[in-house]
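Coordinate analysis (summary)
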Amino acid sequence: FDAEQQNHEVKKSTEEVTEAELQDFTLACERIWWLDDGRCEPGRDYQLQPQRYKRSSWDKGDEAPLPLFKWVKDEVLQRETVKHFISLLDNYVAQTGTEETYT
């Protein structure tokens, strides 16, 4: 095991949620990250291709000529965490003030 893997095993083996995790959003998210065996890691599971950005939220359109993801491993889409996340997206409506359909 390398140091990160050992840290991962220690965090996973601690089942009790700490008071600090209940009080600190960052710690809570870190705990969830370490508990998720299906999490995706950059360079291993996907690669982003950062591009130009918008100057403000008022700018219309997309400044990026290419997709955000350069590549994503096909098997990533079969992971439980990713499948659950994708199922949440079918209700998402980006237009503010538009009611979403719940399924």
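Rules behind the numbers
- Residues numbered from 1 in each chain as written.
- Predicted model: local features only at pLDDT ≥ 70, side-chain atom pairs only at ≥ 80, totals over all residues.
- Heavy atoms only, no water.
- Helix = DSSP H or I, 4+ residues; strand = E, 2+ residues; numbered from the N terminus.
- Buried < 20%, exposed > 50% of the residue type's maximum accessible area, 1.4 Å probe, protein only.
- Contact = heavy atoms within 4.5 Å.
- Areas by Shrake-Rupley, 256 points an atom, 1.4 Å probe, with all protein chains shown as cover.
- Phe/Tyr/Trp six-rings, centres within 6.5 Å; stacked < 30°, edge-to-face > 60°.
- Salt bridge = Lys/Arg side-chain N within 4 Å of Asp/Glu carboxyl O.
- 1 Å grid on protein atoms, 1.4 Å probe; cavity = no way out; pocket = protein on both sides within 12 Å on 5 of 7 lines; lining within 4 Å.
- Points joined across faces, edges and corners; volume = space filled by probe spheres on them.
- pLDDT = per-residue confidence, 0-100.

Observations regarding the overall build of the protein chain
- Check the secondary structure of the protein chain and you find 4 helices and 2 strands.
- From first element to last, N terminus to C terminus, the protein chain shows the α and β order α-α-α-β-β-α.
- Classification of the 103 residues of the protein chain by burial places 16% in the buried group.
- Taking contacts inside the protein chain between residues at least 6 apart in sequence as the whole, the part at least 24 apart equals 34%.
- Carbon and sulfur atoms form 57% of the exposed surface of the protein chain, whose accessible area is close to 9,000 Å².

With respect to the packing of aromatic side chains
- Counting across every chain of the model gives 1 aromatic pair.
- Ring plane angle 75° and centroid distance 5.8 Å describe the contact between Y46 and F69, whose orientation is recorded as edge-to-face. Residue Y46 is located in strand β1 (residues 46-48), and its partner F69 is located in strand β2 (residues 69-72); the two are separated by 23 residues in the primary sequence.
- Looking at Y46, the relative accessible area reads 18%, which means it is buried.

Some points on the pattern of salt bridges
- Summed over the entire model, instances satisfying the criterion amount to 7 salt bridges.
- The residue R79 makes a salt bridge to D45 at a minimum N-O spacing of 2.8 Å. Of the two residues, R79 is situated in the loop between β2 and α4 (80-89) and D45 in the loop between α3 (25-35) and β1; the sequence distance between them amounts to 34 residues. In this structure, R79 and D45 share a single accessibility class: buried.
- Because the salt bridges share partners, they merge into one network encompassing R39, E41, R44, D45, E75 and R79.

A look at the layout of surface pockets
- Of the voids in this model, the largest pocket is the one considered here, and its volume is about 150 Å³.
- Every residue along the wall of the largest pocket is listed here: C40, Y46, F69, V72, V76, L77 and V82.

Notes on the side chain of Q49
- As for its placement among the helices and strands, Q49 is situated in the loop between β1 and β2.
- Note on Q49: relative accessible area 18%, which makes it buried.
- Residues within four places of Q49 in sequence aside, it is in contact with L66, P67, L68, F69 and K70.

A closer look at the environment of D74
- Checked against the element boundaries, D74 lands in the loop between β2 and α4.
- On a C-alpha basis, the gap between D74 and Y46 in space is 9.7 Å, while along the polypeptide they are 28 residues apart.

Focus: the confidence of the model for the protein chain
- Mean pLDDT over the protein chain: 80, with 81% of residues reaching 70 or higher.
- Mean pLDDT values over the elements of the protein chain span from 54, in helix α1 (residues 3-13), up to 96, in β1.

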